[in-house]
Each structure stands twice: as C-alpha cells, then as structure tokens.
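Structural characterization, general
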Amino acid sequence: MHIEHNISLKQYNTFGIDVKARQFISITSVTDLKSVYAAQDNSVKFILGGGSNMLLTKDIDALVMHINLKGKEILFQTEEDVFVKANAGENWHEFVIWTLENNFGGLENLSLIPGNVGTSPIQNIGAYGVELKDVFHSCDALNLETLNIETFTNADCKFDYRNSIFKQEAKGKYIILSVVFKLTKKNHVLHTNYGAIASKLQQMQISTPTIQDISKAVISIRQSKLPDPNNIGNSGSFFKNPIISKTEFLKFQENFPNAPHYAITENEVKVPAGWLIETAGFKGKTFGNYGVHKKQALVLVNYGGASGMDILKLSKLIQDTVLRLFNISIEAEVNII
Ligand code: EPU
C-alpha cells in the first residue's frame with residue numbers, strides 16, 4: 001500500500017474542484033482496506049468512490065481512501081434470471097454496458113450515470129423511470145467497527161427516493177465492497193414510458209425496442225441534456241426534487257397553475273426542482289467560471305477553476321430564492337464536504 005501526501009483531488013471528483021488531500025491511498029483489495037482500519041492509529045479517514053455526487057469545499061485533512069476494488073462476475077443463473085456481482089470500484093456505466101453486451105436486462109435505463117458501482121446504493125440512483133432498488137439484490141459492506149463483512153438485502157437497505165440506510169443510520173459506519181444485481185435473461189421488462197424515451201425511440205424509428213435500444217435512447221437523451229463531466233465539471237442533479245404535502249401543493253398551484261407535478265402518494269406531491277429553478281430565472285446563468293447549466297436547471301456547473309465555496313454559495317442563493325418565490329425548500333442531493 002502506498003500512501004501519497006498532499007495530492008490534488010481534482011481528477012477524483014466530477015465537479016473538478018481542486019482541493020488537496022492530506023494523505024491519499026488507493027484501495028485495491030479488501031485485505032488492504034481491513035489492514036488500514038486494523039492499524040487503529042486513530043487517523044481520520046475519508047471514503048472516496050467515484051466522486052460523482054460530492055461538492056468539495058475545502059482541503060481534506062484526512063487519509064482519503066479511494067475505493068478501487070475491481071471485478072465483476074456472474075454468480076448464479078436460472079432460465080429467466082441472472083445474479084451478477086460487481087465490486088465497488090467498477091465504473092457504473094462500463095458495468096451497465098457489460099450487462100447489456102451479455103443481454104442481461106434491468107440496468108438499461110440507468111445508462112451513462114457517472115460514478116461507481118459501490119456508491120450506487122447509497123443514494124439509490126435513478127433515472128428514466130427506474131431506480132437501483134428495482135434491480136438490487138444485495139450488497140456486502142465492511143462494518144468499520146467490527147471489521148466483519150455484512151450482507152444487506154434489498155429490504156435492509158431501506159431504499160427511498162435518492163435515499164437509503166447508508167445515508168441515514170448506517171452513514172459512516174460501513175464501506176460497500178460489492179453489489180449483487182438480479183437481472184433478466186429473457187422476457188425483459190422494458191420501461192419506455194418515462195420522459196422522452198418513447199419519442200426518442202420513435203425518432204430512432206424503433207417500434208419494438210430491445211434493452212440495447214433503450215440504453216442508446218437514454219444515452220442520447222442524457223447527452224443532449226446533461227453536461228459530460230469530462231468536459232464541464234458537474235455532479236448531475238445538485239438538488240433533489242422536493243416532495244410536499246397535498247395541502248401545500250394546492251396553495252402553490254393556485255399561484256402557479258402550470259407547474260409540472262407528480263403525485264407520489266395520496267397526500268404527497270413531487271414538484272420538479274428544475275422547473276422551480278428555471279422559473280426563478282437561474283437556468284443558464286453564469287457567474288464567472290461557474291453557473292447553472294443551460295439545458296437542465298438542476299445541474300450546477302464548474303466551467304473550470306471555480307471553488308467549492310463558489311458553487312456552495314450559488315446553491316444557497318438558489319435555495320433562498322426558490323423558498324422566497326414558491327415557499328418550497330429544496331435540498332441538496334450532492335454531499336457537501
Ligand atoms: N424541468 C424544467 N426545467 C429544467 C429541468 C426540468 O422545467 O431546467 C422540468 C421538465 O420540464 C419536466 C420536469 O422538470 O417537467 C422533470 O424534468 P426531467 O424529466 O428532465 O427530470 P428531473 O426531475 O429534472 C430527474 C433526476 C435526474 C434523472 C432525470 C431523468 C432528480 C433529482 N433528478 O431529473 O437524475 O436523470 O430525472 O429520470 O431526481 C441525477 O440524479 O444526478 C440526475 C441527473
């Protein structure tokens with residue numbers, strides 16, 4: 001194991017924020033991971049996965065552990081289903097493409113999401129009508145207190161919209177090592193009703209889509225709306241879509257009858273934060289080298305050289321303005337460090 005000192009984390013976070021780690025180590029085996037914790041040297045540790053859902057606002061005065069556990073395998077299959085395991089450091093999209101090359105169905109709508117497999121359960125990643133929880137079977141995680149490996153089933157993870165046990169009571173107590181997905185080998189369940197998928201498929205002149213076609217449609221929609229972190233620093237949706245009570249919604253609707261909205265339960269309504277931010281006038285606004293993406297108001301962008309504090313201040317200005325105009329609080333989806 002090789003510990004580096006004072007290294008820039010710019011290439012390890014998709015926002016491209018240039019902060020330093022006091023110490024940095026790339027973890028390539030569970031044995032190495034355990035030995036770092038077994039050392040009991042009381043050093044403060046910071047776990048870094050794909051760096052795609054965080055805003056770094058300061059230097060990290062800790063041992064940054066980059067989880068780089070690689071590998072994927074088919075564990076078990078039946079006529080209908082296949083159980084596939086991927087280690088935490090596998091790149092999410094490369095893994096999705098591999099499943100599609102094998103004609104395994106379930107992850108196609110989640111194509112092109114930045115980040116790694118190991119962090120996908122933490123916020124129950126979701127896009128185009130599918131959430132990770134729909135295909136997640138279980139995950140193995142290292143208990144940082146006992147150093148035992150524990151298995152979490154789908155129910156154990158308490159998945160919810162952009163939420164799981166790993167953001168709540170288990171936060172900071174585990175490192176996810178690998179995830180098992182239950183995918184289909186035939187009779188794939190296609191999700192084509194959400195958003196622009198159906199019209200994109202039509203445009204592609206595909207009437208009976210395969211899972212690979214859906215992936216292509218999703219990739220094309222994402223590329224047209226969302227900035228590629230390799231070109232423009234960003235962390236995808238910066239905010240969650242707020243869920244408000246029906247009573248609050250009815251009041252809001254009196255003033256904004258055209259606002260898009262989705263019923264979540266009988267008493268809860270989701271209002272797209274992107275619409276609120278756009279209506280508040282922020283879409284496409286730039287403030288020097290950072291701003292709000294021109295095609296998707298939920299995404300804050302670093303055009304190069306912005307600091308995490310710049311982006312944090314902008315996010316607060318957006319939150320305050322949205323609250324003032326609509327009386328709705330929007331919460332950050334990304335982790336602010
Ligand atoms: N909208 C606007 N202006 C905008 C953006 C959106 O008015 O600038 C409106 C749209 O017109 C539409 C509604 O908001 O009526 C919803 O928009 P869209 O379907 O594009 O999705 P979203 O709610 O903005 C969510 C996820 C995305 C995911 C898409 C597609 C959250 C926080 N974000 O965005 O996830 O790709 O749905 O499923 O739930 C991410 O988490 O990083 C992410 C990109």
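As a convention, each chain's residues are numbered from 1 in the sequence order in which they are written. Predicted model: local features are reported for residues with pLDDT of at least 70 only, side-chain atom pairs are reported and counted for 80 or more only, and whole-chain, interface and lining totals are derived from all residues. The side-chain figures draw on all heavy atoms in the structure; neither hydrogens nor water molecules are used.

Some thoughts on the overall build of the chain
Runs of E in the DSSP output that reach at least two residues are strands. Runs of H or I that reach at least four are helices, and both are numbered from the N terminus. The secondary structure content of the chain amounts to 7 helices and 20 strands. With C-alpha atoms as the basis for the radius of gyration, the globule rule is written as 2.2 Å multiplied by the number of residues raised to the power 0.38. Against the 2.2 N^0.38 benchmark of 20 Å for 337 residues, the chain shows a C-alpha radius of gyration of 21 Å, consistent with a compact globule. Here the C-alpha coordinates of the chain stretch approximately 60 × 50 × 35 Å along the principal axes. Under the scheme applied here, a residue whose accessible area is under 20% of the maximum for its type counts as buried, over 50% as exposed, and between as partly exposed, the area being computed with a 1.4 Å probe on protein chains only. Taken over 337 residues, the chain has a buried fraction of 49%. Sequence separation of at least 24 residues holds for 60% of the intrachain contacts in the chain that already meet a minimum separation of 6. Positive charge is attributed to Lys and Arg, negative charge to Asp and Glu, and no charge count is given to His or to the chain ends. Charge placement uses NZ in Lys and CZ in Arg. For Asp and Glu, CG and CD serve respectively. Put simply, the chain has 33 plus and 33 minus side-chain charges, and the middle of one group is 5 Å from the middle of the other. Residues are treated as being in contact if the distance between any of their heavy atoms lies within 4.5 Å.

Digging into the site of the ligand
What surrounds the ligand is a group of 24 residues, the closest being Tyr128, Tyr161, Arg162, Ser237 and Glu278. Surface accessibility in these figures is a Shrake-Rupley result with a 1.4 Å probe; residues are shielded only by whichever protein chains are displayed. Protein chains bury 83% of the 810 Å² of accessible surface belonging to the ligand in isolation. Mapped by element, the contributors of at least two residues to the shell around the ligand are strand E8 (126–127), helix H4 (211–225), strand E13 (233–237) and helix H6 (273–279). Sort the elements by how many residues they give to the shell around the ligand and H6 lands first, with 3 residues. Residue classes follow a fixed rule: Ala, Val, Leu, Ile, Met, Phe, Trp, Tyr, Cys and Pro count as nonpolar, while Asp, Glu, Lys and Arg count as charged, and any other residue, Gly among them, counts as polar. When its residues are assigned to classes, the shell around the ligand shows 11 nonpolar, 6 polar and 7 charged. Lining the shell around the ligand are residues from two domains, each supplying at least three of them: domain 2 (72–225) and domain 3 (233–336). The criterion for a residue being near a molecule or strand is simple. One of its heavy atoms has to lie within 4 Å of it. Residue ranges for the domains originate in an automatic or database domain assignment.

Some points on the domain arrangement of the chain
Parsing the chain into structural domains produces domain 1 (4–67), domain 2 (72–225) and domain 3 (233–336). Of note, the centres of domain 1 and domain 3, computed from C-alpha atoms alone, are 29 Å apart. Each side of the interface is counted separately: domain 1 has 10 residues, and domain 3 has 17 residues. The quantity reported as buried area is the accessible area (1.4 Å probe) lost by two parts once they are put together, taken as the sum for both. Taken together, the two surfaces of domain 1 and domain 3 that pack against each other cover about 1,000 Å², and 53% of this comes from carbon and sulfur. Put simply, a salt bridge is a Lys or Arg side-chain nitrogen that is within 4 Å of an Asp or Glu carboxyl oxygen. Taken together, the connections running from domain 1 to domain 3 amount to 0 salt bridges. The term polar contact refers here to a pair of N or O atoms within 3.5 Å; inside protein, the definition further demands a hydrogen-donor-capable atom paired with an acceptor-capable atom, and it admits residues adjacent in sequence only when both atoms are side-chain atoms. Put simply, domain 1 and domain 3 have 8 residue pairs in polar contact (both at pLDDT 80 or more) between them. Taken together, the residues that form the side of domain 1 that touches domain 3 break down as 5 nonpolar, 5 polar and no charged.

Some points on the side chain of Asn53
Considering the arrangement of structural elements, one finds Asn53 in the loop between strand E3 (45–48) and strand E4 (54–55). When its relative accessible area of 13% is taken as the criterion, Asn53 is described as buried. A distance of 3.5 Å separates a polar side-chain atom of Asn53 from the backbone oxygen of Glu333. Apart from the residues within four sequence positions on either side, Asn53 is in contact with Gln123, Ser235, Glu333, Val334 and Asn335.

Description of the nonpolar core
Counting 44 residues, the largest nonpolar core has Leu9, Ile277, Ile311 and Ile318 as the members making the most contacts within it. Among the domains, domain 1 (4–67) and domain 3 (233–336) are the pair contributing at least three residues each to this core. What Leu9 contacts, discounting residues up to four positions off in sequence, is Ile17, Val19, Lys20, Ala21, Phe24, Leu48, Leu56, Ile60 and Val64. The term nonpolar core refers to a set of buried residues drawn from Ala, Val, Leu, Ile, Met, Phe, Trp, Tyr and Cys, joined through side-chain atoms within 4.5 Å.

Remarks on the pattern of salt bridges
Tallying each qualifying case throughout the model produces 11 salt bridges. One salt bridge in this structure joins Lys133 and Asp134, with 3.5 Å as the shortest N-O distance. Residue Asp134 is classed as partly exposed on the basis of its relative accessible area, which comes to 45%. The residue Glu331 makes a salt bridge to Lys240 at a minimum N-O spacing of 3.3 Å. Taken together, the residues Glu331 in the loop between helix H7 (308–326) and strand E20 (335–336) and Lys240 in the loop between E13 and strand E14 (243–245) connect sequence positions 91 residues apart. The exposure class assigned to Glu331 is exposed, which follows from its relative accessible area of 51%. It is possible to trace a salt-bridge network through shared partners that takes in Glu131, Lys133 and Asp134.

Side note on unusual backbone geometry
In this model, Asn42 sits at a positive phi of 65°, which is unusual for a non-glycine residue. In this structure, Asn42 sits in the loop between helix H1 (30–38) and E3. Judged by its relative accessible area of 74%, Asn42 is exposed. Positive phi, close to 60°, is recorded for Asn103, a residue that is not glycine. Counting through the fold element by element, Asn103 comes out in the loop between helix H2 (92–101) and E8.

Observations concerning H2
Residues of H2 that are buried include every one of Trp92, His93, Phe95, Val96, Thr99 and Leu100, and no others. Relative to the axis of H2, the buried residues are bounded by an arc of 160° and lie together on one face. Among the exposed residues of H2, those pointing more than 90 degrees away from its buried face are Glu94 and Glu101. Structurally, H2 contributes buried residues whose contacts are with strand E6 (72–77), strand E7 (81–87), strand E12 (174–184) and H4. Positive phi appears at Asn103, one or two residues downstream of H2, with a value of about 60°. To obtain the arc, one takes the directions from the helix axis to the C-beta atoms.

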